Every structure is written in C-alpha cells, then in structure tokens.
Amino acid sequence: MLSTIVNLKSQIENPFAFSQSSLQDYADCPRRFQLRYIEQLAWPAVETEPAIENEHHQQEGLLFHRLVQQHLIGLPAEKLARLANTPDLSRWWGNWQDFRSLADFGSLYPELTLSAPLGQQRLLAKYDLVAVRSDKKALIFDWKTYHKRPGDEWMAARLQTRVYRALLIQAGAHLNKQTPFQPEQIEMIYWYADFPAEPARFPYTAAQYKRDWDALTGLVAEIAVRREFPLTANEEKCAYCPYRSYCNRGIQAGDMDDIETELSGVEIDFEQIQEIEL
Ligand code: SF4
C-alpha cells in the first residue's frame, strides 16, 4: 500500500487552481483528491470491468465532444458525420443533429474556459458550450454520454452544477456587455446523448448563487489548511476508484453495468484531457 511505503505530500500548492472535478473528488474522498491532485499519481488500477469496453466508451465520449465542438465552430455536418463511425457515435451524432436543429442557441461560446479568484485560490472551468440568447438568457450546456440517465436530484447536487453556474456570474461579464449575469439569467442544461428528449435543466436564483459561492469559498479554505486526507468511510466509492490498490480497498473493479449514479470516479475529466485531432 503506497501510504505505508512513501510519505504522501499533504498540502496543496498555493495558489491552487480548483476545478469541479477536483472539488468533486475531495467531496467524494479526501484521499482520492490527495492522490490525484497533490501527488498527481497516474491512475494505477483498472476502474471498472470490463476495462476495454469502458476505455472504448470514454474514447467515444471524447470524440463525440470533439465532433460537437467542431460542428459548433462551423465545420460541415456532412464531413463530421463520416467520423461518427461506431453505433454509439452514430446514434449520438444523429440525436445531436436533431437537437441542434430545434434549439435556439443565440451566440455560441463552445469550449469556453473561465477562471476567477476564489478566496486565496482560483476556480477554473471548461464549459462544453455557453449560449447567450437574444432574450439575455445564458444557457450552460454540458454533453453527457452516460448509458444510464442519472436522476435530476443527484445531478443538482454535483459540484459541476454548482461551480459552472456560479463561475459564469463571477467570470462571464465579457459575454454580457461587461456586466455580470444575474443568477436568474442563467440556466444549466445537461443534454444526454442517449436520452435526447430528457435533458436535465437547472435554472438559478440569487439565493442559490450566494449559497454556492459561500460553500465553494469555505471548501477551498478547508482544503488549503488540511494536512490529512483520510480514506472515505463510504467504501462503495472505492468500487469504481482507480486508486483501490493504494488504499487496500480491493482489487476487483466494479462493473459498469452496476453504475447508476456513482460516476465520479469514472467520469471523463475533460478539464484534464488533452485535445484530440480530428
Ligand atoms: S480507493 Fe476508496 S479510499 Fe482510496 S482513494 Fe479511492 S475512493 Fe478513496
């Protein structure tokens, strides 16, 4: 077990650029945050079984995101469609085409990166798409390629939902004539490529914004002074975690088919993944 062989680093760099992924890891398991973001350990364990299918699914998810991004910046759909050459990609691409033709997106800001100070640290997010409509509503879209659609309550509580909306207010004034968006102007929409008619929509209020920003500020302040990062007491989190072998939390990975909402350890982290060429 790694923790008995070497001394783990126990402090974040200052300042530290937090993302929804790193904050979600911390919320799920402080030790996972330590291993991934302080120690920066490569993922040592196969996360889920069957491993090859999971890796394949992640690659397809990444390629789908890239196809949508290229489409949004103006590449012809016919040219991109040729790259959607697996059953999953072809289905997702067809669903996306239908969705795109129906939606009123307004001004498009695909693959937008925003960052802002958060206490003594920084908060950073990479959005799949921010669309600012003529009625001044700012829609945050995030494409999800889950095989199962998570419940809306579970998605509402995700740090992504809280970070993305709050950060758009903090750092998105340049999309709104140099005026920060009001919370009521903002809505986050998870669009599920396999459930195109069932997006999850999360509007925003001033009270939610205050709650979120206060909570995020408190969370990063807590992490900054923390010197111990214990293993989660909820061992269900470990079934899909790549660091199981470091924590003596089992060798056998969870099965993708059993994953309903426990996606945090296995979700594609687009903020960490390098661009792929089309
Ligand atoms: S295996 Fe479990 S305890 Fe270890 S980092 Fe992963 S979630 Fe945390």
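Note that the structure is a prediction, hence the values are computed from the model and not measured. (Residues numbered from 1 in each chain as written. Predicted model: local features only at pLDDT ≥ 70, side-chain atom pairs only at ≥ 80, totals over all residues. Heavy atoms only, no water.)

## Digging into the overall build of the protein chain
Where we set the bar: Put simply, DSSP H or I for four residues or longer makes a helix, DSSP E for two residues or longer makes a strand, and each gets a number counted from the N terminus. Accessibility here uses a 1.4 Å probe with only protein chains present; expressed as a share of the type maximum, an area under 20% marks a residue as buried, one over 50% as exposed, and anything in between as partly exposed. Any pair of residues with heavy atoms lying within 4.5 Å of one another is described as a contacting pair. Each accessible area is a Shrake-Rupley estimate made with a 1.4 Å probe; only the visible protein chains count as cover when residues are assessed.
Across its full length, the protein chain holds ten helices and eight strands. A buried classification covers 53% of the 278 residues belonging to the protein chain. In the protein chain, of all internal contacts separated by at least 6 residues, the share reaching a separation of at least 24 is 70%. Looking at the protein chain as shown, the accessible area adds up to about 13,400 Å², and 51% of this sits on carbon and sulfur atoms.

## What about the pattern of salt bridges?
Cut-off, in case you're wondering: Each reported salt bridge corresponds to a side-chain nitrogen of Lys or Arg within 4 Å of a carboxyl oxygen of Asp or Glu.
All told, the structure shown has 20 salt bridges when counted by the stated rule. Glu 111 serves as the salt-bridge partner of Arg 66, at 3.1 Å between the closest nitrogen and oxygen. On the criterion of sequence distance, the pair formed by Arg 66 in helix 4 (residues 51–72) and Glu 111 in strand 3 (residues 107–118) is long-range, its members being 45 residues apart. Take Arg 66 and Glu 111: they sit in the same class, and that class is buried. Between Asp 212 and Arg 162 there is a salt bridge, with the nearest N and O atoms lying 2.9 Å from each other. A residue pair is termed long-range when its members are at least 10 positions apart, and Asp 212 in helix 9 (residues 206–225) and Arg 162 in helix 8 (residues 159–171) qualify at 50 residues.

## Notes on the pairing of strand 5 (residues 138–144)
Operational definition: Two strands qualify as a pair provided DSSP detects at least 2 bridges between them.
Most of strand 5 sits inside the fold, with seven of its seven residues counted as buried. Because side chains alternate across strand 5, one face comprises the buried residues Ala 138, Ile 140, Asp 142 and Lys 144, and the other comprises Leu 139, Phe 141 and Trp 143, equally buried. Across four bridges, strand 4 (residues 121–132) lies against strand 5 in antiparallel orientation. Across the sheet, Ala 131 pairs through a bridge with Leu 139, a residue of strand 5. Between strand 4 and strand 5, which pair antiparallel in sequence order, lie five residues; one of them, Lys 136, sits at a positive phi of approximately 75°. Strand direction decides the pairing type here: strand 5 and strand 6 (residues 186–192), joined by seven bridges, are parallel. When the sheet's bridge partners are listed, Phe 141 is paired in strand 6 with Ile 189.

## Describing the site of the ligand
Note the following rule: Whether a residue is near a molecule or strand depends on its heavy atoms: if one lies within 4 Å, it is near. Classification used: nonpolar for Ala, Val, Leu, Ile, Met, Phe, Trp, Tyr, Cys and Pro, charged for Asp, Glu, Lys and Arg, polar for all others including Gly.
Taken together, Cys 29, Arg 32, Leu 231, Thr 232, Lys 237, Cys 238, Cys 241, Tyr 243, Arg 244, Cys 247 and Arg 249 make up the full set of residues near the ligand. Among the residues forming the shell around the ligand, the class breakdown is six nonpolar, one polar and four charged.

## Remarks on the packing of helix 8 against helix 9
The condition that has to hold: Whenever a helix is involved, its axis is fitted only over the stretch in contact; in every case the axis is a line through C-alpha atoms, and angles between N-to-C directions fall within 0 to 180 degrees. The cut-offs work like this: below 35 degrees is roughly parallel, past 145 is roughly antiparallel, 65 to 115 is roughly perpendicular, and the gaps in between are oblique.
Relative orientation of the contacting elements helix 8 and helix 9 amounts to 105°, with a least axis distance of 9 Å. It follows that helix 8 is roughly perpendicular to helix 9 by the angle criterion. Contacts between helix 8 and helix 9 involve Leu 159, Arg 162, Val 163, Arg 165, Ala 166, Leu 167, Ile 169 and Gln 170 from the former and Gln 208, Tyr 209, Arg 211, Asp 212, Trp 213, Ala 215, Leu 216 and Leu 219 from the latter. Across the contact of helix 8 with helix 9, the residue classes break down as ten nonpolar, two polar and four charged.

## Remarks on unusual backbone geometry
Here the residue pair Asn 14 and Pro 15 is connected by a cis peptide bond, since its omega of 0° sits within 30 degrees of zero. Note that Pro 15 resides in the loop between helix 1 (2–5) and strand 1 (17–18). Even without being glycine, Asn 248 reaches a positive phi, approximately 55°. For Asn 248, the position within the fold is in the loop between helix 10 (244–247) and strand 8 (254–255). Owing to a relative accessible area of 61%, Asn 248 belongs among the exposed residues under this scheme.

## As for the packing of aromatic side chains
For any pair of aromatic rings, the description rests on two quantities: the centre-to-centre distance and the angle between the ring planes. Here is the rule we go by: Whether two aromatic rings pair depends on their centres lying within 6.5 Å, for rings of Phe, Tyr and Trp, where Trp uses its six-membered ring; planes under 30 degrees apart make the pair stacked, over 60 edge-to-face, and the rest tilted.
Summed over the entire model, instances satisfying the criterion amount to 24 aromatic pairs. A centroid spacing of 6.0 Å and a plane angle of 20° characterise the contact between Phe 33 and Phe 229, whose relative ring orientation is stacked. With Phe 33 in helix 3 (residues 30–38) and Phe 229 in the loop between helix 9 and helix 10, the pair connects residues that are 196 residues apart, well separated along the chain. Across this residue pair, the class does not change: Phe 33 and Phe 229 are buried. Grouped by ring-pair contacts, the aromatic residues Phe 64, Trp 92, Trp 96, Phe 99, Phe 105, Phe 141, Trp 143 and Trp 191 constitute a single cluster.

## Points about the side chain of Asn 176
In plain terms, the rule: The definition of a polar contact used here is a pair of N or O atoms within 3.5 Å, where within protein one atom must be able to donate a hydrogen and the other to accept one, and adjacent residues in sequence count solely through side-chain atom pairs.
Relative to the assigned elements, Asn 176 resides in the loop between helix 8 and strand 6. Within the structure, Asn 176 has its side chain in polar contact with the backbone oxygen of Thr 179 (distance 2.9 Å). In contact with Asn 176, other than residues within four places in its own chain, are Phe 181 and Gln 185.

## Let's talk about the environment of Gln 34
If you trace the backbone, Gln 34 turns up in helix 3. You can call Gln 34 buried: its relative accessible area is 4%. Each C-alpha atom, one on Gln 34 and one on Phe 229, is 6.4 Å from the other, the two residues being 195 residues apart in sequence. Excluding anything up to four places from it in sequence, Gln 34 contacts Leu 8, Lys 9, Ser 10, Glu 39, Gln 40 and Phe 229.

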